[in-house]
Structures are given as structure tokens and as C-alpha cells.
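Descriptive structure summary
Given next are the chains, with one letter for each unit.
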Amino acid sequence: MSRWKIQRRPCRAFGLLLLVILSVLVLRRLDWRSLISPWLRHRRAGLHTNGQNFMLEDSTFWVFGGSVHYFRVPQAYWRDRLLKMKACGLNTLTTYVPWNLHEPQRGKFDFSGNLDLEAFVLMAAEIGLWVILRPGPYICGEIDLGGLPSWLLQDSNMRLRTTYKGFTEAVDLYFDHLMSRVVPLQYKHGGPIIAVQVENEYGSYNKDPAYMPYIKKALEDRGIVELLLTSDNKDGLSKGVIHGVLATINLKSQHELQLLTTFLFSVQRVQPKMVMEYWTGWFDSWGGPHNILDSSEVLKTVSAIIDAGSSINLYMFHGGTNFGFINGAMHFHEYKSDVTSYDYDAVLTEAGDYTDKYNKLREFFGSISGGPLPPPPDLLPKTAYESVRPTLYLSLWDALQYMEEPINSEKPVNMENLSVNDGNGQSFGYTLYETSIDSSGTLSGLVRDRGQVFVNTVSIGFLDYKTRKISIPLIQGYTTLRILVENCGRVNYGDNIDDQRKGLIGNIYLNNSPLKNFRIYSLDMKESFFQRFSASMWNPVPDAPIFPAFFLGALSIDLSPLDTFMELKGWEKGVVFINSQNLGRYWNIGPQETLYLPGTWLDQGINQVIVFEEEMAGPVIRFTETPYLGRNQYLN
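Below: a short report on this structure. Think of each chain on its own: its residues are numbered from 1, step by step along the sequence as written. Residue-level local features of this predicted model are given only where pLDDT is at least 70; pairs of side-chain atoms are given and counted only at 80 or more, and the full residue set underlies all totals for whole chains, interfaces and linings. The basis for every side-chain value is the complete set of non-hydrogen atoms in the structure, without hydrogens or water.

Concerning the state of the cysteines
Count a disulfide wherever a pair of cysteine sulfur atoms falls within 2.5 Å. Considering all chains together, one arrives at 0 disulfides under this definition. This cysteine, Cys140, is not joined by any disulfide, and Cys488 carries the nearest cysteine sulfur, 18 Å off.

Some points on unusual backbone geometry
Put simply, Gly136 and Pro137 share a cis peptide bond, and its omega is 20°. Secondary structure counts use DSSP, requiring at least four H or I residues in a row for a helix and at least two E residues in a row for a strand, with both numbered from the N terminus. Structurally, Pro137 is set in the loop between β6 (130-134) and α6 (165-182). That bond from Tyr315 to Met316 is cis: its omega, 0°, falls within 30 degrees of zero. Residue position: Met316 is located in strand β12 (residues 310-318). A positive phi angle is found at Glu57, which is not glycine, with a value near 60°. Turning to its location among the elements, Glu57 is positioned in the loop between β2 (53-56) and β3 (59-61). Each residue gets one of three labels from its accessible area relative to the maximum for its type: buried under 20%, exposed over 50%, partly exposed in between, using a 1.4 Å probe on protein chains only. Glu57 gets classed as buried once you look at its relative accessible area, which sits at 16%. With a phi close to 50°, Asn579 is a non-glycine residue in the positive phi region. Residue placement: Asn579 occurs in the loop between β29 (573-578) and β30 (581-587).

Considering the layout of surface pockets
Approximately 1,200 Å³ is the volume found for the second largest pocket. Around the second largest pocket sit 36 residues that line it, and Leu101, Asp110, Leu115, Ile326 and Lys526 are the ones nearest its centre. Broken down by secondary-structure element, the contributors of at least two residues to the lining of the second largest pocket are α4 (99-102) and β30. A per-class count over the lining of the second largest pocket returns 14 nonpolar, 15 polar and 7 charged. A cavity here means a set of 1 Å grid points, computed over protein atoms only, where a 1.4 Å probe fits but cannot escape. A pocket is an open set with protein on both sides within 12 Å along at least 5 of 7 lines, and lining residues have an atom within 4 Å of a point. Grid points are joined across faces, edges and corners, and a volume is the space filled by probe spheres set on the points. Under the grouping applied here, Gly and all other residues not named as nonpolar or charged are polar, the nonpolar ones being Ala, Val, Leu, Ile, Met, Phe, Trp, Tyr, Cys and Pro and the charged ones Asp, Glu, Lys and Arg.

Thoughts on the pattern of salt bridges
A side chain with one charge can pair with a side chain of the opposite charge if their charged atoms come near. Salt bridges, as used here, are contacts in which a Lys or Arg side-chain nitrogen is within 4 Å of a carboxyl oxygen on Asp or Glu. Counted under the stated rule, the structure contains 30 salt bridges. Lys357 serves as the salt-bridge partner of Asp345, at 2.8 Å between the closest nitrogen and oxygen. Taken together, the residues Asp345 in the loop between β14 (335-337) and α11 (356-368) and Lys357 in helix α11 connect sequence positions 12 residues apart. Like Lys357, Asp345 is buried. Between Arg450 and Glu614 there is a salt bridge whose closest N-O contact spans 2.8 Å. Remark: Glu614 occurs in the loop between β32 (605-613) and β33 (622-624) and Arg450 occurs in strand β19 (residues 450-455); sequence separation between them is 164 residues. Arg450 gets classed as buried once you look at its relative accessible area, which sits at 12%. Exposure remark for Glu614: the relative accessible area of 3% places this residue in the buried category. Connected through shared salt-bridge partners, Arg450, Glu486, Lys573, Arg585, Glu614 and Glu615 make up one network.

Focus on helix α3 (residues 78-87)
Burial analysis of α3 places 7 of its 10 residues in the buried class, which makes it a mostly covered element. Among the structural elements, β4 (64-68), β5 (92-96), α5 (117-127), β12, α11 and β31 (594-597) are those in contact with the buried residues of α3. Gly89, located one to two residues past α3, shows a positive phi value of around 95°. Two residues form a contact once any of their heavy atoms are found within 4.5 Å.

Quick look at the environment of Leu373
With respect to the element layout, Leu373 can be found in the loop between α11 and β15 (392-395). Taking the C-alpha atoms as reference, Leu373 lies 8.5 Å from Arg362; in sequence the two are 11 residues apart. Not counting chain neighbours up to four residues away, the residues in contact with Leu373 comprise Ala87, Cys88, Gly89, Arg362 and Gly366.

Re the sheet that holds β3
Only when DSSP finds a minimum of two bridges between them are two strands counted as paired. Reading across from one edge, β1-β2-β3 is the order of the 3 strands in this open sheet, with antiparallel pairing throughout. In this open sheet, the two strands that pair with only one neighbour each are β1 (47-50) and β3. Recorded for the sheet is a direction-independent mean angle of 50° between the axes of neighbouring strands. Strand direction decides the pairing type here: β1 and β2, joined by 4 bridges, are antiparallel. Bridging from a neighbouring strand, His48 pairs with Met55 of β2. The axes are straight lines fitted to the C-alpha atoms, using for helices just the contacting stretch, and the angles between their N-to-C directions are given from 0 to 180°.

Looking at the packing of helix α10 (residues 295-307) against α11
Where α10 meets α11, the closest approach of the two axes is 9 Å, and the angle between their N-to-C directions is 25°. When the axes of α10 and α11 are compared, the pair comes out roughly parallel. Of the two elements, α10 crosses α11, and the hand of that crossing is right-handed. When α10 is examined against α11, the residues Ser295, Ser296, Val298, Leu299, Val302, Ser303 and Ile306 are found in contact with a partner set consisting of Asp356, Lys357, Lys360, Leu361, Phe364, Phe365 and Ile368. Its residues placed into classes, the contact of α10 with α11 shows 8 nonpolar, 3 polar and 3 charged. Any angle from 65 to 115 degrees is called roughly perpendicular, while one under 35 is roughly parallel, one over 145 is roughly antiparallel, and all others are oblique. For a crossing to be left-handed, the near helix must be turned anticlockwise from the far one by less than a right angle; the clockwise case is right-handed.

Examining the side chain of Glu142
Its location among the elements puts Glu142 in the loop between β6 and α6. Charge convention: Lys and Arg are scored as positive, Asp and Glu as negative, and His as well as the terminal groups of each chain are ignored. Buried and without a salt bridge, Glu142 has Arg72 as its closest oppositely charged side chain, separated by 5.7 Å. Excluding anything up to four places from it in sequence, Glu142 contacts Arg72, Phe283, Tyr315, Asn322, Ile326, Asn327, Gly328, Asp338, Tyr342, Tyr344 and Asn492.

Quick notes on the environment of Gly423
Along the chain, Gly423 falls in the loop between β16 (407-409) and β17 (430-437). On the basis of relative accessible area, Gly423 is assigned to the partly exposed category, the value being 47%. On a C-alpha basis, the gap between Gly423 and Val447 in space is 23 Å, while along the polypeptide they are 24 residues apart.

Examining the packing of aromatic side chains
Ring geometry is summarised as follows: Phe, Tyr and Trp rings, the Trp one being its six-membered ring, pair when their centres sit within 6.5 Å, and such pairs are stacked at plane angles under 30 degrees, edge-to-face over 60 and tilted between the two. Here the structure, examined in full by the defined rule, presents 44 aromatic pairs. An angle of 50° between the planes, with centres 5.6 Å apart, marks the rings of Phe529 and Phe533 as tilted. For the pair Phe529 and Phe533, one class covers both residues: buried. Note on criteria: charge over ring means Lys NZ or Arg CZ within 6 Å of the ring centre, with the direction from the centre no more than 35 degrees off the ring normal. If you follow Arg72 out to its NZ or CZ, it ends over the ring of Tyr342, 3.8 Å from the centre. Sitting over the ring of Tyr354, Lys84 keeps its end group 5.2 Å from the ring centre.

Overview of the sheet that holds strand β26 (residues 539-540)
If you trace the 6 strands from one edge of the open sheet to the other, you get β26-β15-β27-β32-β29-β30, paired in antiparallel fashion. On the outer flanks of this sheet lie β26 and β30, each paired with one strand and no other. Where strand β27 (residues 549-557) lies against β32, 9 bridges are found, and the strand directions are antiparallel. Across the sheet, the residue bridging to Gly553 is Val609, located in β32.

A short note on the pairing of strand β25 (residues 518-523)
The pairing of β16 with β25 spans 3 bridges and is antiparallel. The residue bridging Ser409 from the neighbouring strand is Phe518, located in β25. Sheet topology note: the β17/β25 ladder contains 5 bridges and is antiparallel. Bridged to Tyr430 within β25 is Leu523.

Next comes the structure, spelled out in C-alpha cells:
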């Protein structure tokens, strides 16, 4: 065989030489431009500015945009939501890109399934929508740590959103990977991306004047060639403008419009105006009301923005859901974590249903579109399944024996610095701290965000932002002290994002003496966490369960699965998992009282339902066709 190959080589060389000669002769007679797709030949200027107008190539262009976050919508429903956007008369999709979800461990990237950014952008193009991409690295977006990965906080000196070396090195590696995916999707490469945003609302943060120029250069150096934008609210607009980037504004009412546009004119003279975020509603926090904005007010503001000669993006067009533990939080006067639903009182509901806002805006955009709009897609059907009564149970204390070996540490270790997940620490979920004590007294320490305290297996109360001390009752001999700490959501907006480490922060004290020798369990409740739960571990639900505990039930579906909402009346606080999908948190303090369950995550037949309940279980899990998001509060 080898001898035959040797004899062939002169013939192969001669053939290659002949091919090269023929290629040169042919190509000399061709116009190189004819080899480029005619479609791409007309894509030279892209979206650009000409005085007060946006231009797409040679035509005046208005951005009528709407925000949908792919990571908050089941992938099977992307097309439905985008078709409804197109049918509303919008021409542009805007979306954030969450770094923390795409790089959950340093150097390990995930763009699969519900995180398939490229598929989402290409689907928008297929439907006839342009795309404005908002890749961060910080995005705010009411997502944990504003979309920054928690492993950045392993560095005790970390200064997020600055040119601190530890931060920029991580951003550079992330952008190397992300932009290799984004660059081919740009308009000038034949894709739908017509503009890219530089960071997000940096003027409100403004801790490093070199940071925004660094992000701009990082994008351009990696091949971003489309129009660059910034986006700032009234608190940061004066400090968010950078040279060579078009400034846009975020606002909630037409009363802010004149003030902000006047300022824009003063700093960048005659340029196209754009409201990058017109807030069609607002997000909700646990323990607060459900925020709503009247549809007539929305229509008036949208009309005023466009009458003022401004392009617009509706934030949100469709909010979706904070599935899993991805929700963020706010912490100004007090800490408030965001609810699981990201309904936002948006143009489409959390489940993608039409609203009065949708109908009014569709009529409005239809009146200025210059042509008929496509018909709105039919609504996805919903149903109320039979209630599920959990039949099996496993207390957290019994489950510990099946967990990975605990981390032994002389002092408490915060979540981010635990030696788990290949050295990347713990991002989400719960962490359990155990140690031994031999006396009663006052327990004190810094707990982030909510720590349930146990003596042996008996709950004696909570430590959190408001409660820094708790009394330990009289005990005899050595007793196990346990503190189950939940990350309820890292702050996503404000000056204190560097201080978002979770768990026990520093020492925990009993009678002012630091406790030592801890066993620490990482309870992140990822899919691999539940793979340790074999059938033999479960027991029948007792009359008096010991909490916290896992409850197991089965949802039986005879026909094709449909969307529904879970109602956990009688349950206190916890998390629900369906077929290994984390639906998110529930909490009886409201305002959210139902959890959205997409039919696409259900199977025909038996569906596994696991509820992790912290304090008190109800008898059944009910299902309903309609959500209940709590008492309403109208936004001004």
C-alpha cells in the first residue's frame, strides 16, 4: 500500500499544478464582485446616522423595537413570541446576552438549548426582524449580579465594571468566545444584527473613566463593525456618553422625554433620537405589590415618543420567566429580591398571551407601517390539570447522606469560594453550614441572604438583613447547630455589586466568640444534584414531616401537554422541579401566587414533580389556566 502511494505522488503533483493554472486563467476573466452574493453587495453602510435620521443603506429607517430575552423563554416558544412581535408592527428585536449563564464555569461555555443565541438571532432574521444586540458584559436585566458570573467574586479585591485586571482578563476571554459567534451574524456579514450596545447604563455606575472606552475597543477589536450605542437612564445619561458611540435613553414616561432629548442634543448635537428602553411595566419583588401600567398610558407615551421624532424599543415586549435561581435583586434602603415571574406587565404576558397593550399598540403601529400587518398567531392553549398529591418524602437531613462529601473548614466559607464545581464555587441555590456547640446564648453574624437556623433538626428562626442576632435555647452537652443559607438573588443594579458574596460572610459568633470547625454542604439543586436521589431513598409522606424536605409526586397527562400554572396554596416557601426543570421559587408572601409551567416541558404520560419546601407543606399542588400575580399597584 505504501509503495502504491509513493508511485502516485508525481501524478498528484502534476494534477494540482494543472488545477492551479486553470484556476488562474479562469479567475482572470471574472469580475471578483460577481463572486459576492448580490444580497451582500448591497450591505455596505449598514445602520448609520444622517443628521436626525437613522439610515439603513440609503433609506430612512425607524427602529420600532421590542425586547425578548431568549434565556427567559422556552426555546420551543421563541418562534411564537417573535411572530407576535412581527404581527404587532415592530421591526427590530433587542436582547441581552447573560454572561453568567453562558460561562457558568471559567472557560467552559454553554450556548446550547435555551441558551442558543445564534439560533435565536437567526430565527428573528427568518421572521423578518432586525436585531440590536446588548452583550454587556454587564446587562442589569433583573438577573443575578446583572449577568456577571459569580466566580468573579472569588477574587477578594475584585472591582466589577472597571479596568481592574482581574475583570478585564475575564471579559477578554469571554468576548473572544462570544464575538466569534456574533460577528458572522452582523448585517454587513449577511446577518440581522444592525447595532450593538456598549455595556449598559454605565453612567449610573461611573467608577472608572477608562472602562467604557475599553469595552468599545474590545468589541471593535473582535470584529464588531455595526453601529455602536450606549443606553442610560436619567440618573446616568450625563456621564454615560462616550466618543464615537451614539447615546440613547431609557425612560418610563413622556414627562422625561423632553428633558432627556434636550440633554442629548447638547452633547451630540443633531443625531437620531432613540429611546432604547421605554418601560412598558415594571418588575415585582417578593413581599411587594404586582406593578402594572395602564395600557392607555403606554399608548400615549409611545405615540409621544414617535411624534417627537424618536425611534423606540419596548422594554419589555415579552418578559418571560426567571426560571431556576436566575432572578436578581435590588438593595438601596432595604434588600428586595425579584419574584420568579418576569411578566413585567409587558405587551405579552408571561405565557405569551395578548393584552390590551398589545391590541392598542398593534393598531397604532399598523396605522404608521404603510402596509398591512401579518395576522397575530393563535394563542397557545392552556389547561388546569388534576391536582397532584405528593406521596413520597425525604427530609433534608436524611438526604445529606447521599450528597457529595461536605467541605470541612475551620471558618465559614462564602458560596463563591467553596471548592466545588471544578474550583468555580457555587453560584445559586442553598448552602448548609454545620458545627457543634455546647452552650446557649446569642448567635450573630452576617448572613446573605436568608439563613434558617436549626438546633439539631429544630428550626428556631432566621438570620437575614434585618435580623442579625438570634437566641439559642438552653441545651445540654454537644449539639449540632445548622444554618441553611439561601442566595435569594444577587443585586443587579447599584453601587454595591462588588459586595454580593452569598452564604455566611465572615465569622458567625455565639456569645461574641467565633464558631469553628464547619461542615459545609453545597446544595445548588442542579440536575446532577437530583441524580443522586434513587427510588429507594424516598419514604411515604408522614403525618408530621420534618422540614426542610423534598416532596415527590406525579402529574399524569393523557393528551398532548399544554401550558398551565401551578398553585401552591398552603405551602410556605421553596422551589419546584418538573422533569428536572427548575421552575423557580414560590413564597406565600406574594405577590406572585402561581408558577408558569410551559407545556413544552411536560411529557404525555407521567411527569415527575419535586417540591423542596422549607417550612410547611400543603396537602396538594393545584393547577390553573390563569396566573395570579397578586394585588395590583398602578405605576405613575
